[in-house]
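# A closer look at the structure
Listed below, chain by chain, are the residues.
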Amino acid sequence: MRLSEPRDIKCRERRARRLRMQIRDRKLRKKLAERSRLERRAEILKIRHVAWLGGTYSPPTKAHFMVAMEIGKKMALRYPNEACLVAITPVSHAYKKPSIHKDCVSPEARVALVKAMVKALNEENTCENLKFVLEYHELNSQVAVPTITSLGMLKRKYFNSTVYISQGQDNV
């Protein structure tokens, strides 16, 4: 059965209108993404000091929280006029440590708990020049990432800053 001529034209017009709207939406989304990318880049350029705090965080404990907060405060006090960042970097599930595989929490729960810890750190933080972030480059890896590689990734991302290695003492 063939559609009547006027109805067929209306369908084509509707399709064309939808296509124009989709193209407009795509352009708008691209423009917004570009702006947010530039804003993130500008924020990265402001950061001068990055403390890398790696670990299994299986699960993240109050000690992890206190160590991260103390490192952040000391760095913010040492460089009061410069932007500082503490990069919480949990290892991937491929890391060969028993606590990741059998002792505590699933990978999904571990990520959720670390996100909650980073959020709490930022909420409790009183230093204007300090921020805590969760870095995913090790978590998203299918293989264990050596510390030197992780530090190199941070240095490339925050190329305008000095990267410091920080760690707790549970492995000494």
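For the structure, check the block above.
Before going into details, it helps to say that this report is about the structure given with it. (Residues numbered from 1 in each chain as written. Predicted model: local features only at pLDDT ≥ 70, side-chain atom pairs only at ≥ 80, totals over all residues. Heavy atoms only, no water.)

## Topic: the overall build of the chain
Per the secondary structure count, the chain includes 5 helices and 4 strands. Listing every helix and strand of the chain by position from the N terminus yields α-β-α-β-α-α-β-α-β. For the chain, restricting intrachain contacts to residue pairs at least 6 apart in sequence, the fraction spanning at least 24 positions comes to 76%. Split by element, the accessible area of the chain, about 11900 Å² in all, is 56% carbon and sulfur. (Helix = DSSP H or I, 4+ residues; strand = E, 2+ residues; numbered from the N terminus. Contact = heavy atoms within 4.5 Å. Areas by Shrake-Rupley, 256 points an atom, 1.4 Å probe, with all protein chains shown as cover.)

## Topic: the sheet that holds strand β1 (residues 47-55)
Strand order in this open sheet of 4 strands is β3-β2-β1-β4, and the pairing throughout is parallel. Single-partner strands in this sheet number two, and they are β3 (130-134) and β4 (162-166). In this sheet, neighbouring strand axes are inclined to one another by 25 degrees on average, regardless of whether the strands run parallel or antiparallel. Each of β2 (83-90) and β3 is contacted by helix α4 (residues 107-124), which is oriented at about 170 degrees to β3, the strand it contacts most. (Pairing = 2+ DSSP bridges. Axes fitted to C-alpha atoms, helices over the stretch in contact; angles between N-to-C directions.)

## Let's talk about α4
Its 18 residues give α4 an end-to-end C-alpha distance of 26 Å, which sits within 8% of 26 Å, the value for a rise of 1.5 Å per residue. Where α4 is concerned, the buried positions are Arg-110, Val-114, Met-117, Val-118 and Leu-121. Taken end-on, α4 shows its buried residues confined to a sector of 100 degrees, consistent with a single buried face. Exposed residues lying more than 90 degrees from the buried face of α4 are Glu-108, Lys-119 and Glu-123. (Expected span 1.5 Å × (residues − 1). Buried < 20%, exposed > 50% of the residue type's maximum accessible area, 1.4 Å probe, protein only. Arc of directions from axis to C-beta.)

In short, shape yes, function no, at least from these values alone.
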